[in-house]
Structure formats: C-alpha cells, structure tokens
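Working through the structure, step by step
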Amino acid sequence: MKNKSRRQFVKTIAAAGAGVLAAPLVSAKTAVAAKFRGRRDRDMGMLYDATMCIGCRSCEVACKQANRKPTEYDADGIWDAPKDLSAKTLTLVKLYKDDTAQSFVKRQCMHCVDPACVSGCPTSAMVKQPNGAVTWNADACVGCRYCQMGCPFNIPKYEFDSAYGRIVKCELCANNGYLEKGFTACSKACPTGAILFGRQKELLRTAKERIRDNPGRYVEKIYGEWDSGGTGVLYLASVPFERLGFPELPEYSSARISEGIQHTIYQHMIAPILIYFGLAFVAFRNTRSAHKQKED
Amino acid sequence: MAHVNAKPLGGKIFTTPVLLLLAGAAIGVFFLSVRYAHGIGAVSNLSDYMPWGIWKVLNVIVGAALVCGGYACAFTVYVFNQGHYHRYVRPALLLSLLGYSFAGLSLFYDVGRYWGLFNFMIPKYWQANSVLFEVGLCVMTYICVLCLEIAPAIIEKFLHGDGRLAQLLYKFYRLLDRFLFLIISFGILLPTMHQSGLGGLAVVMGQKISPLWQSPLVSLHHLVSCIAMGYGCVIVTELMVSEDYKIESHLAILSKLAKVMSRFMFVFLVLRLSEVLRTGAILQAFTPSVDSLSFWAEMVLIFGSIWLVRNDAARIVPRNIFLGSCLTMAAGSLYRINVYIIGFHPAPNVSYFPSVPELSISLGMICLQLALFITIIKTFPIIALERR
Ligand code: SF4
Ligand code: SF4
Ligand code: SF4
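About the cut-offs
Residues numbered from 1 in each chain as written. Chains lettered and ligands numbered in written order. Predicted model: local features only at pLDDT ≥ 70, side-chain atom pairs only at ≥ 80, totals over all residues. Heavy atoms only, no water. Helix = DSSP H or I, 4+ residues; strand = E, 2+ residues; numbered from the N terminus. Buried < 20%, exposed > 50% of the residue type's maximum accessible area, 1.4 Å probe, protein only. Contact = heavy atoms within 4.5 Å. Areas by Shrake-Rupley, 256 points an atom, 1.4 Å probe, with all protein chains shown as cover. Rg over C-alpha atoms; globule rule 2.2 N^0.38 Å. Lys, Arg positive; Asp, Glu negative; His and termini not counted. Charge placed at Lys NZ, Arg CZ, Asp CG, Glu CD. Buried area = accessible area lost by both parts, 1.4 Å probe. Salt bridge = Lys/Arg side-chain N within 4 Å of Asp/Glu carboxyl O. Polar contact = N/O pair within 3.5 Å; in protein donor to acceptor, adjacent residues only side chain to side chain. Near = heavy atom within 4 Å. Nonpolar A, V, L, I, M, F, W, Y, C, P; charged D, E, K, R; others polar. Pairing = 2+ DSSP bridges. Patch = residues over 30% accessible without salt bridge, like charges linked within 9 Å, V, L, I, M, F, W, Y side chains within 5 Å. Core = buried A, V, L, I, M, F, W, Y, C linked by side-chain atoms within 4.5 Å. Domains from an automatic or database assignment. Axes fitted to C-alpha atoms, helices over the stretch in contact; angles between N-to-C directions. Parallel < 35°, antiparallel > 145°, perpendicular 65-115°, else oblique. Phe/Tyr/Trp six-rings, centres within 6.5 Å; stacked < 30°, edge-to-face > 60°. Lys NZ or Arg CZ within 6 Å of the ring centre and 35° of its normal.

So, about the overall build of chain A. The helix and strand inventory of chain A stands at nine helices and nine strands. Scored against the burial criterion, the 296 residues of chain A give a buried share of 53%. Considering only residue pairs separated by 6 or more positions, chain A has 59% of its internal contacts joining residues 24 or more positions apart. Accessible surface for chain A amounts to roughly 14,400 Å². Of this, 56% is attributable to carbon and sulfur atoms.

Take a look at the structure:
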C-alpha cells in the first residue's frame, strides 16, 4: 500500500508538472493571435514620435488639468517638476542624452492590447474597454496593488500618503470626458503633432510609412507593435528604446502565460471536481476502515 | 475524530511568555492605528516600484505556507491511510486555522482599500482570469472548512452534561463525524489550489522576477515546498509543547513524519535545480549579487534540512528532527521572500527594506497569533497526551 501510493504520488506530480510546463509554451503565441485578432482595427491609441517632440511639456500640463492633479513642486517651490510618474503625475516627458544623441520621451500607460494589470486584478477594477482604453473602477478596487506588481512598465500608482488611497493611472482620458469628445488632452495640447491620437491600425500604418519615407531618421522598430503582446500607445524614436528606459519584452504578454496555466488547470472546473470526488472516495474508505479498526 | 486521546494542557494562561507576546502585539496594534489614520506610506517603506512588502509576503504568503500542516497531515492520514499520524491532525488543524485567519486579517491592513475586500464575495466583480481572485476565494472557503474540521475539538469540551444543548451538540458532533470525509476532501483540494496559486501569482510578473525564481513551474515549487513546511511546523510544535516524544514509540512516528518532510524537500530541490539548469538561469548564480547570495542561501538551507534527517539513525535524535524541521521552514520561507522581494526587480536600482513600524506590525500580528495558540491548547483538547 505504502509503496504503491508513493509511486502513484510521484506519477501525479510528474504529470501535473509536465502539463503545466507544456501548456503555456505551446499555446502562448497562438493564444495571443487568436484572442486579439481584430483588436487593432477597433481600438483607439496614440502614436508618439520622439523625433518631433520639442520637450515643451504642454502635454504634462494639459494632462494635469484634465485629471485635476496637484503640482509636484521642486525645491524652490515654484516649478511643477515631477521626477517620475506618480499618483499626481500621469504623464511625464523625460530627456535622454549621451555624447552622440539625445531624445525626449513621453511616458504614460501603454494601454496594452493584452494588459497584465487587467489579467491580475482580482475584482475586475482594471478593465480593458471596448475602445481599447485600460480604465480603473474605484468601487471595485481592493487596493491589493497586484496591478502594480504585474505591469511590465510600472504604470499604476497608488496613493500611499492617503488613508483611503486610490490607484491612479492614465486612462486614455476615458475618465475625464476627453475621450468621448474624440481626443486625449495630451495629444490635443501638443503643438508639434508629436502625439497622434487615433485608431491603432491607422497609427501603425502611419508609423510604418514614416520609417519607410525617412531612412536613417528612426531606429527600425515601432515600440509597442509586438512588445508584451502589443501596446495601444506606439513609439517612434531615433535612439534605441532600451536607452529610453523601455524594457525588452517578449512578443506575448505575461498574462498569456498566467492565464494559459490557469485555464489549463481549471478548465470548466473539471479537474478540481474530479479530484474532489476522488479524494472523497479515498477518505471515505480510509475513515471507515479506521472506525472499524477501532471497534474491533 | 475521537480516537485520539487529546486533552487540554491546562495551567496558568497569563504566563510571562504570553505576556511578552501580548506586549509585542500591542506595539503592532499601535502602529496599525497610525496606518489606518494616515495611510500605508506613513508606516511602511512600500513604494510604487515595490508595492508588495513583508505584510503580503511574510504574513500572507509565507504565513499560509508555514501553517499548511493541517493540509499536509490530513493528506497523510486520510489519503495515504497512515492512521498513526492521527494525533498530529488536531494541532496541525489549529495551527492552520489560526494561521489562515491571520493571513486573512493581514490583508485588511495590507490592501489599500480594505472595505473593498468584500467585493470578493460579489459575483459581478469576480475575475476568473486572476490568480489572486482564485487564491482569495479558496482561502476564504478553506477557513470555513477548517472551522468545521476543528469543531469536534471545541464541541468535545461542552459534551459532558445532559442539558438540551449538550444533546444537540452531540448530534452535531455525530453528524460531523459521519460526513467528515466530505469536509476533509475539501480540506485537501482547496489548499492544493491556493497554495499553488500563491506561487502562480508570480507568473504574471513576468520578467520583473529574476529567472533564478521565475518559471512556469513556480506554482508547483510552492506546492511541494509548502507541504514540507507544514510538516516541519507540526513537528516543531509537537516537540515544543508535548513531552510525549520521550516515549520511544512516539519518537518513531515523529521521525517517520520527518522522513516524509525530507522527501518533499528533496523533490523541491530537484525541481528547483532542474528548472534553473533548463533555463540556464544558473549562470546568474555565479555572478556576485544579492540575488545569487540569496539563491545559494536558499540552496544551503534546503540541503541542510535534508541532510539533518537523512537516514533512520539521524532521524532518531530529537535534536536533528527539530533542527531539520526548522531549516525546512526557513528554506521555504526564504524561497518565497526570494520570489516576491529579493528576486523582484521592477526597474534598475530599486531596493526595499521594511521600516521599523512595518516590521512591528508584522511581528505584532505573529505574537498575537502565538499567544492565541498557547491559550487555546491550554483550554481545549488539542494536543494528545499519553502521560502527565
Ligand atoms: S502599461 Fe501597465 S497599466 Fe497600462 S495597460 Fe499595460 S499593464 Fe496595464
Ligand atoms: S489594486 Fe485595485 S486595480 Fe489594482 S489589481 Fe488590486 S483591485 Fe485591481
Ligand atoms: S491620455 Fe489623457 S490621461 Fe493619458 S497621458 Fe494623455 S492626457 Fe494624460
């Protein structure tokens, strides 16, 4: 009995292991394609062309106004000078500079096609809207900050200084009324047209045309075309994206791996239910034999 | 359930150690009031880059793994039909119930919007893709199951007497005993799900976790190690609160338990090593960094825990069993801290170390838990005693 159950046990572990290991690897890429076919045609997004940005930070100001966010003062107490994205600053223009090159880069939520924050959120507070915006719902959120742990770009921020903190992030202006009017505050404010707002499919086409028509001006990559399963905000730049602070990510979102495993194990709850009845049967037999032994 | 001769340990409740534990708890409660008045940032070093700290990792993730002895023992006794371990089931279940309740309680100060936690019970907010949702729901259900599993121990105290209440209780007691196998099966299925889920949480964090720990198998690593940790915790408790191990036959059982524990640790070691070899992440363990240091510390602990109870001769010495169990718990705990804190690199040059108030809250809650455990085993029939 003992040896048999041990062997059985090892077998079960091995089988579970193999299943868990194989499932996400074979299905991650195809799952991306299957699940998100068509999203690029429907979803709205933005294209930021770093070579056109003059670093005037009009977008920052417009974003603060649109979202009614307070100033983050510098040491002199006169300038709004945030150093990083925060619960008070949803978008930020940074400057990259080395001996040979320089580039501005605007950061905000990427509105991922397959967002890790949405996949992880336990109470459906983070939502991928039908128009592509990734939004946050105060009533649903428990403040677990799993979205922060999951987001590959470290975008969601939490108000750590408040007793009733909220999660704050760029919601593609879906939360402040601009998106309904057909634009985002930052893209509207940009004087040079470095931020385009539009349908992702068209933005992608524009980006490709710009690379084709301006040889040597851009690095040969549209950041966000595939990265982390694709993002709704796309980037063109003259400086390699790693240097602008973008992580190097696989062509699928970590959410695909996570959900792949989750769905393999819990598909229609069949496995858990079968295991439950198996356990109940074994436990029933064993408790009964224990009772009998006691009576004897 | 009644075939173990469990008795309350008796004795004074407010002994010096218990008072010290309560003092520790009081400090924690003081800082908790600051947290509720001024927010999480006022007491902790948590930040937008390191949003999960010791509250979640130590009190919830490590805590739940340490106390899963109820699961590990139920598994051995009822599935592998090893009835002679039966005497450990009750203390293990009590440890589990307390541990899980405190893990749940910890969430109420760790999460920012604690009133929203009830959303877990409202179907319109359910999010089936989320590992955290699955873990949350499983843990909540499991706490209820644990209450049912431990109920006979509490009821036994009130059975004597012949009032209507006692009769009613007796009926309930019989009913529980009769359908115990249904409850026990839940008590095995649910922990299997959420203990692996506690590891599965890491998967969506993708490349933010060092490849030394990130893996599609991270759930399996958590599951296998938590069982060993659960046994370890049961053994340590038994050695500390009961003198019975001085009887040879009981030491023999305890040493068998240690054997099972080390088997699981061995499987854990093989799984971990084969994974870092498969992905090639092992190379990173040879570049000097906090990560590699912590990786090797974890390996040494795992190896030490197996070595201490390596064969029957080693396992017959109570000190070896005790130390082996302690190392097992330490190894599993460090593994979890490695996954979620030390190996978590959201951006270059981000570091986190808990603040004093943050630590005080964590430790205060652990003190409170221990004080409660001691009080309960003194008052209720949990620990099996052969001689007094
Ligand atoms: S960038 Fe982060 S917060 Fe924004 S959608 Fe992607 S995962 Fe979510
Ligand atoms: S903090 Fe809120 S939005 Fe973020 S994952 Fe948790 S519940 Fe969802
Ligand atoms: S889309 Fe709206 S919220 Fe997002 S950065 Fe632009 S202005 Fe700010």
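Counting its regular elements, chain B contains 13 helices and two strands. Relative to a compact globule of 388 residues, whose C-alpha radius of gyration would be 21 Å, chain B shows 21 Å and is just as compact. For chain B, the spread of C-alpha atoms along the three principal axes comes to 70 × 55 × 45 Å. For chain B, buried positions account for 60% of its 388 residues. Considering only intrachain contacts with a sequence separation of at least 6, the fraction spanning at least 24 residues in chain B is 81%. With the model as given, the accessible surface of chain B reaches about 15,400 Å², and the carbon-plus-sulfur share is 72%. Placing the 27 positive and 17 negative side-chain charges of chain B at their respective mean positions leaves the two points 3 Å apart.

Time to look at the interface of chain B and chain A. For interface size, the figure often reported is the accessible area lost on association. Each partner contributes residues to the interface: chain B has 70 residues there, and chain A has 72 residues. Roughly 6,100 Å² is buried in total at the junction of chain B and chain A, and carbon and sulfur atoms are behind 60% of that figure. Of all residues in chain B, B:D48, B:R113 and B:V204 give up the largest surface area on contact with chain A, accounting jointly for 13% of the area buried on that side. Linking chain B with chain A are one salt bridge. Of the charged contacts in the structure, one is a salt bridge between A:R145 and B:D110, with a shortest N-O distance of 3.4 Å. Our enumeration of links across chain B and chain A arrives at 32 residue pairs in polar contact (both at pLDDT 80 or more).

Another point: the site of ligand 2. Taken together, 14 residues form the shell around ligand 2, and within it A:C121, A:C141, A:C144, A:R145 and A:C147 come nearest. Residue composition of the shell around ligand 2, by class: eleven nonpolar, two polar and one charged.

All names here are of chain A. Of all six residues making up strand β3 (residues 102–107), five are buried, and the element is well covered by its neighbours. Strand direction decides the pairing type here: strand β2 (residues 92–97) and β3, joined by six bridges, are antiparallel. Bridging from a neighbouring strand, K94 pairs with V105 of β3. The turn joining β2 and β3, which pair antiparallel and follow one another in sequence, is formed by four residues.

Residue and element names in this part refer to chain B. Residues L148, F172, L175, F179 and L182 make up a contiguous nonpolar surface patch of roughly 410 Å² in combined accessible area. Here F179 is to be found in the loop between α6 (164–178) and α7 (180–200). Judged by relative accessible area, which is 38%, F179 ranks as partly exposed.

Let us now look at the side chain of B:S355. With respect to the element layout, B:S355 can be found in the loop between α12 (318–342) and α13 (356–379). When near neighbours in sequence (up to four residues on either side) are disregarded, B:S355 contacts B:V43, B:S44 and B:N45.

Let us now look at the site of ligand 1. Near ligand 1 lie 14 residues; those nearest to it are A:C109, A:M110, A:C112, A:C117 and A:C151. Split by residue class, the shell around ligand 1 holds twelve nonpolar, one polar and one charged.

Further remarks concern the nonpolar core. Counting residues in each nonpolar core, the largest one holds 153 residues, and the members touching the most others are A:M126, A:Y146, B:Y71, B:L201, B:M205 and B:Y340. Both domains that furnish three or more residues to this core are identified here as domain 1 (2–35 + 257–295) and domain 2 (44–251) of chain A. Among residues more than four places away in sequence, those in contact with A:Y146 are A:G120, B:W52, B:V131, B:L132, B:G200, B:L201, B:V204 and B:M205. One finds A:M46, A:L179, A:I195 and A:V239 within the second-largest nonpolar core, a separate group that totals 40 residues.

Attention now goes to the pairing of strand β1 (residues 44–49) of chain A. Residue and element names in this part refer to chain A. With respect to burial, β1 is a largely interior element, six of its six residues being buried. The alternating pattern of β1 places M44, M46 and Y48 and G45, L47 and D49 on opposite faces, both of which are buried. By the bridge criterion, five bridges tie β1 to strand β8 (residues 195–199) in an arrangement that is antiparallel. Paired with Y48 across the bridge in β8 is I195. Where β1 lies against strand β9 (residues 233–236), four bridges are found, and the strand directions are parallel. Among the inter-strand pairings, D49 is bridged to a residue of β9, identified as L236.

Residues and elements named next belong to chain A. Pairing within the open sheet is mixed, and its three strands lie in the order β8-β1-β9. The open sheet is flanked by β8 and β9, the only strands paired with a single partner. Taking the axes of each pair of neighbouring strands and ignoring which way they run, one obtains an average angle of 20° across the sheet. Its contacts with the sheet put helix α7 (residues 200–213) on β1, β8 and β9, and the angle it makes with β8 is roughly 130°.

So, about the packing of helix α3 (residues 69–79) of chain B against helix α8 (residues 218–241) of chain B. Residues and elements named next belong to chain B. Packing of α3 against α8 leaves a shortest axis separation of 7 Å and a crossing angle of 95°. Considering their axes alone, α3 and α8 lie roughly perpendicular with respect to each other. Across the interface between the two elements, G69, Y71, A72, C73 and T76 from α3 touch L223, C226, I227, G230, Y231 and V234 from α8. Class assignment of the residues belonging to the contact of α3 with α8 gives a composition of eight nonpolar, three polar and no charged.

Below, the discussion takes up the packing of aromatic side chains. One pass over the full model with this rule turns up 29 aromatic pairs over all chains. Feature note: the residues A:Y48, A:F153, A:Y223, A:Y235, A:F241 and A:F246 constitute an aromatic cluster, connected by ring pairs. In this structure, A:K181 packs its charged tip against the face of A:Y178, placed 4.9 Å from the ring centre. Looking at B:R35, its charged tip hangs above the ring of B:Y36, at a distance of 4.7 Å from the centre.

This next bit is on the pattern of salt bridges. Residues and elements named next belong to chain A. Taken as a whole and judged by the stated rule, the model has 19 salt bridges over all chains. Salt-bridge contacts for D80 lead to K64; the nearest nitrogen and oxygen are separated by 3.4 Å. Of this pair, D80 sits in the loop between α3 (58–67) and β2 while K64 sits in helix α3, placing them 16 residues apart in sequence. Residues R212 and D213 are paired through a salt bridge, measuring 3.3 Å at the closest nitrogen-oxygen approach. Exposure remark for R212: the relative accessible area of 60% places this residue in the exposed category. One continuous salt-bridge network, built from bridges that share partners, spans D114, R256 and E259.

All right, on to the environment of A:F153 then. Residue and element names in this part refer to chain A. Position of F153 among the secondary structure elements: in the loop between α5 (146–150) and β6 (157–158). Taking the relative accessible area as the measure of exposure, F153 reaches 6% and is therefore buried. Taking the C-alpha atoms as reference, F153 lies 7.6 Å from F246; in sequence the two are 93 residues apart. Leaving out residues up to four positions away in the same chain, F153 has contacts with R107, M110, C112, Y223, T231, F246, P247 and L249.

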